[in-house]
Amino acid sequence: MDVDELRQAEPWRKGIECNKKARDKLLSGMISYYPIKESAITHVRLLMIGQIGAGKSSFINTVSSAFKGYVSTTARTGTATHSLTTKYRAYAIKDQNKHPLNFKLCDTMGMEEDHGLDVNEYLYIIDGHIKDQFQFNPAVKITPKSPGFVQNPSPAEKIQCVIFVIDGSTFSLMPDGVLKKIISIKEHAQARELPIAVLLTKVDKISPILEKELQLVYHCQDVADCFQEISDKLGISKNYIVAVKSYEKETETELSVDVTTLTAVQQLLRYTDDYLEDQVDMNAQMEKISNLSSMNLKPNIDSSE
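Calculation notes
Residues numbered from 1 in each chain as written. Predicted model: local features only at pLDDT ≥ 70, side-chain atom pairs only at ≥ 80, totals over all residues. Heavy atoms only, no water. Phe/Tyr/Trp six-rings, centres within 6.5 Å; stacked < 30°, edge-to-face > 60°. Helix = DSSP H or I, 4+ residues; strand = E, 2+ residues; numbered from the N terminus. Buried < 20%, exposed > 50% of the residue type's maximum accessible area, 1.4 Å probe, protein only. Contact = heavy atoms within 4.5 Å. Pairing = 2+ DSSP bridges. Axes fitted to C-alpha atoms, helices over the stretch in contact; angles between N-to-C directions. Patch = residues over 30% accessible without salt bridge, like charges linked within 9 Å, V, L, I, M, F, W, Y side chains within 5 Å. Areas by Shrake-Rupley, 256 points an atom, 1.4 Å probe, with all protein chains shown as cover. Salt bridge = Lys/Arg side-chain N within 4 Å of Asp/Glu carboxyl O. Lys, Arg positive; Asp, Glu negative; His and termini not counted. Charge placed at Lys NZ, Arg CZ, Asp CG, Glu CD. Polar contact = N/O pair within 3.5 Å; in protein donor to acceptor, adjacent residues only side chain to side chain. Parallel < 35°, antiparallel > 145°, perpendicular 65-115°, else oblique. Left-handed = near helix turned anticlockwise from the far one by under 90°. Nonpolar A, V, L, I, M, F, W, Y, C, P; charged D, E, K, R; others polar.

Brief notes about the packing of aromatic side chains
Moving on, step 1. On inspection of all chains with the given rule, the structure shows 6 aromatic pairs.
Moving on, step 2. Ring plane angle 75° and centroid distance 5.0 Å describe the contact between W12 and F227, whose orientation is recorded as edge-to-face. Of this pair, W12 sits in the loop between helix 1 (3-8) and helix 2 (20-31) while F227 is found in helix 7 (residues 221-234), placing the two residues 215 residues apart along the sequence.
Moving on, step 3. By relative accessible area, W12 is classed as partly exposed at 30%.
Moving on, step 4. Residues Y240 and Y271 carry aromatic rings whose centres are separated by 4.4 Å and whose planes lie at 25° to one another, so their mutual orientation is stacked. With Y240 in the loop between helix 7 and strand 6 (241-243) and Y271 in helix 8 (residues 255-294), this residue pair connects regions lying 31 residues apart in the sequence.
Moving on, step 5. Residue classification places Y240 among the partly exposed positions, given a relative accessible area of 31%.
Moving on, step 6. Its relative accessible area of 6% is what places Y271 among the buried residues.

Spelled out as structure tokens, the structure:
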């Protein structure tokens, strides 16, 4: 399919509005973003988990670049046999005035089949036991006795959204051991009622046309097929998958990359807000039941719920 045919194709998801007005609206929305007040959390934490080279750090840099107006290198990127990320980092995204926004993108070591972090160590991060700047040591597993381990994390130290970062061009080749780790972490996150999303990276390598026409990403059947494959293998609904292309070789920002990236972040924050709202409602209901119990009254349960 050539570019003209792709433009004429019916989008299988609402298309990307690739213009300055759309970018400015997205930027403005995220600058004014604040978690639901009743949650008592001032910054939400979005945890990024993925294989080495999947594009976690590149995505963080791309988000930062969209706000700064130039290609940023906040997080370390590159290619290597083992993970270039050796610390747990909770990156605060800042606007052009260098004011931190109210969400943080948390980076971890690249996932490996037989090396790197195991499932329990990822869960320690999810549950808030690991502080920003924690130095990973592949030779020593994290335990509650590890230096700096947070014994009683506050809600603000915990993760509010788990994001699996997947290279769309190599997903079909993902080792079974990595796939099993991802599914196990997903199941544990579901048990915690956390939102789980997939960030599909390198979509320009799925379809070369998207290298220059990224705004057509949701017109592309090859990307739709990749969404389906990921959904089938991971058991994650397709409406919890977002697609991006990060800055890798560029030295100047591009409108289509910025808009696609910011649209993805907007959706990730929506998943997070839904989770926080549900937690607030659930806590209010539990408090109500507790108060009624202390007064020896039976709670009035709505039979319609």
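Text resumes after the structure shown.
Digging into the environment of I183
Moving on, step 1. Of note, I183 is situated in helix 5 (residues 176-191).
Moving on, step 2. For I183 and I142, which are 41 residues apart along the polypeptide, the C-alpha to C-alpha distance reads 21 Å.
Moving on, step 3. Setting aside its immediate chain neighbours within four residues, I183 contacts K233 and L234.

Overview of the sheet that holds strand 3 (residues 100-107)
Backbone hydrogen bonds are what pair the strands of a sheet, in a parallel or an antiparallel way.
Moving on, step 1. Strand order in the open sheet formed by 6 strands is 2-3-1-4-5-6, and the pairing between neighbours is mixed. Across the chains shown, the open sheet's two edge strands, defined by having one partner strand only, are strand 2 (89-94) and strand 6. Across the sheet, the axes of successive neighbouring strands diverge by a mean angle of 30°, strand direction being ignored.
Moving on, step 2. Sheet analysis places strand 4 (residues 161-167) next to strand 5 (residues 196-201), joined by 6 bridges and oriented parallel. What sits directly across from V162, in strand 5, is I196.
Moving on, step 3. Across the sheet, helix 3 (residues 56-68) lies against strand 1 (44-50), strand 2, strand 3, strand 4 and strand 5, angled at about 165° from strand 3, the strand it touches most.
Moving on, step 4. Strand contacts of helix 5: strand 1, strand 4 and strand 5, with the helix running at about 160° to strand 4, the strand carrying the most contacts.

Overview of a negative patch on the surface
Moving on, step 1. Together, E38, E193, D274, E277, D278 and D281 line one region of the surface with negative charge.
Moving on, step 2. Residue placement: D278 occurs in helix 8.

Describing the pattern of salt bridges
Moving on, step 1. Under the counting rule described, the total for this entry stands at 13 salt bridges.
Moving on, step 2. For the salt bridge of K141 with E121, the shortest nitrogen-to-oxygen distance reads 3.6 Å. Placement of the pair is K141 in the loop between helix 4 (119-126) and strand 4 and E121 in helix 4, with a sequence separation of 20 residues.
Moving on, step 3. The network of salt bridges with common partners includes D4, R7 and E213.

A look at the side chain of S64
Moving on, step 1. Assignment of secondary structure puts S64 in helix 3.
Moving on, step 2. On the basis of relative accessibility, which here comes to 4%, the residue S64 falls in the buried class.
Moving on, step 3. At a separation of 3.4 Å, a polar atom in the side chain of S64 contacts the side chain of S72.
Moving on, step 4. Non-local contacts of S64, meaning those with residues more than four positions away in its chain, are made with S72, T74 and I93.

With respect to the packing of helix 4 against helix 5
Moving on, step 1. Their axes nearest at 10 Å, the elements helix 4 and helix 5 cross at an angle of 40°. By the criterion of interaxial angle, the relationship of helix 4 to helix 5 is oblique. By crossing handedness, the relation of helix 4 to helix 5 is classed as right-handed. Contacts between helix 4 and helix 5 involve V119, Y122, L123 and I126 on the former and, on the latter, K181, S184, I185 and H188.
Moving on, step 2. Residues of the contact of helix 4 with helix 5, tallied by class, amount to 5 nonpolar, 2 polar and 1 charged.

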